[in-house]
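Summary of structural features
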Amino acid sequence: MNLSDAFAHQAISCRAMGSPFMGQLLDLLSDSWPGDSALGRKFDDFTGDIGPAGHSLPLRTAGGLHALVLSGKAPGLAAVYPPARVDNDTLRAAVLEALHQHEVFMLDWTESPPQTNEVRRSAALIAAASVAANCFNLPFWVSEAGASGGLNLMWDHYELALPGQVTGPDAPALTLSPDWEGPLPPARRPVIARRAGVDLNPLNPQRADDLLRLTAYLWPDQPERLALTRAAASVMTAGIDRGDAIDWLAKRLKTAPMGHVHLIQHTVAWQYFPKAAQDRGRTLIETAGASATPERPIAWLAMESDGDTKGAVGAALTLRLWPGDVTLELGRADFHGRWIRWQAP
């Protein structure tokens, strides 16, 4: 796939995920990419998959442009970004000017791959954790692999509002209202005693520069995602370690305390681990599960792509419980958490 095709394919995906502006922007970059610039020459040096499953160059570019808008560095660009609506020629001129004027910034920004922390995925985590809480009447000790900024580790601070059922703390930091289909989950809310996460490149949402990176990769015509992310960042207290997820998980499995459910969670992260890491991680969890007891149970909660088997869309929601090694297929969820198709366990 060449760069023009990568921009065009990403445009299609963004439109399908409810962002017509991103579709417009990426189509324009597909047609008008400044290949003779320093940024263009840098992108020419990338090898392998440059699309969303690889280096994700289109989203790196779009994120950098949005960062210029959010930081106030490019007022001319901000003037043509949502909520404004402009024609293709006006947007193209402003984008190309920004890429030229802020080339040093863009060269630095695009050194790193996109990094997001989609808070709306917590709706699925809340629902699935309530199932685990019904099985084990114990506080939770939570470990998240691929935690990014850790915002989805704070799901007990969020309210889940479903038709006919609202659960959450007395003063929630935010409310999640996905399009829900199927029976309601248990209304029970688990108690999280301790939580921690790991990421190869953890971000601290309490830092302005890290919060900018998290919010820049949200799409400019979806302001509700920006509001949710900032609200979640305001209550973020979890510790996120820098390191390999499987090495970290091996230590967490050994130190999980008695009298707690060890909840291992990950959302759209495990699928990007190398197969060898996935296999090692699965073996570690299964081995620990074989030794689990009612006083020290394990719950493995995953929201991950399964290849859209049999025409299904979104991510599969699965919950695996020990002792007993019971696997519950809880349904499917949109990768951005917009909808959940729930099935009773």
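Everything below is about the structure printed above this text.
Residues numbered from 1 in each chain as written. Predicted model: local features only at pLDDT ≥ 70, side-chain atom pairs only at ≥ 80, totals over all residues. Heavy atoms only, no water.

Considering unusual backbone geometry
Looking along the chain, the bond that leaves Pro82 and enters Pro83 is cis, with omega of 15°. Its identity is not glycine, yet Asp325 carries a phi of approximately 50°, on the positive side. Along the polypeptide, Asp325 turns up in the loop between β10 (315–322) and β11 (326–333). (Helix = DSSP H or I, 4+ residues; strand = E, 2+ residues; numbered from the N terminus.)

A look at the pattern of salt bridges
Throughout the structure, instances matching the rule amount to 17 salt bridges. Here Arg120 ties to Glu118 by a salt bridge, and the two come within 3.1 Å at their closest N and O atoms. Taking the relative accessible area as the measure of exposure, Arg120 reaches 12% and is therefore buried. On the basis of relative accessible area, Glu118 is assigned to the buried category, the value being 4%. With a closest N to O distance of 3.5 Å, Asp179 and Arg341 form a salt bridge. In this pair, Asp179 is assigned in strand β5 (residues 179–181) and Arg341 in strand β12 (residues 339–342), connecting sequence segments 162 residues apart. Judged by relative accessible area, Arg341 falls into the partly exposed class, the value being 26%. (Salt bridge = Lys/Arg side-chain N within 4 Å of Asp/Glu carboxyl O. Buried < 20%, exposed > 50% of the residue type's maximum accessible area, 1.4 Å probe, protein only.)

Section: the packing of helix α1 (residues 3–16) against helix α2 (residues 20–32)
α2 packs onto α1 with a crossing angle of 170° between their chain directions and a minimal axis gap of 8 Å. Classified by the interaxial angle, the pair formed by α1 and α2 is roughly antiparallel. Judged by residue contacts, Ser4, Phe7, Ala8, Gln10, Ala11, Cys14 and Arg15 of α1 engage Pro20, Met22, Gly23, Gln24, Leu26, Asp27, Leu29 and Ser30 from α2. When grouped by side-chain class, the residues that make up the contact of α1 with α2 number 8 nonpolar, 5 polar and 2 charged. (Axes fitted to C-alpha atoms, helices over the stretch in contact; angles between N-to-C directions. Parallel < 35°, antiparallel > 145°, perpendicular 65-115°, else oblique. Contact = heavy atoms within 4.5 Å. Nonpolar A, V, L, I, M, F, W, Y, C, P; charged D, E, K, R; others polar.)

Distances and angles like these do not, on their own, reveal function.
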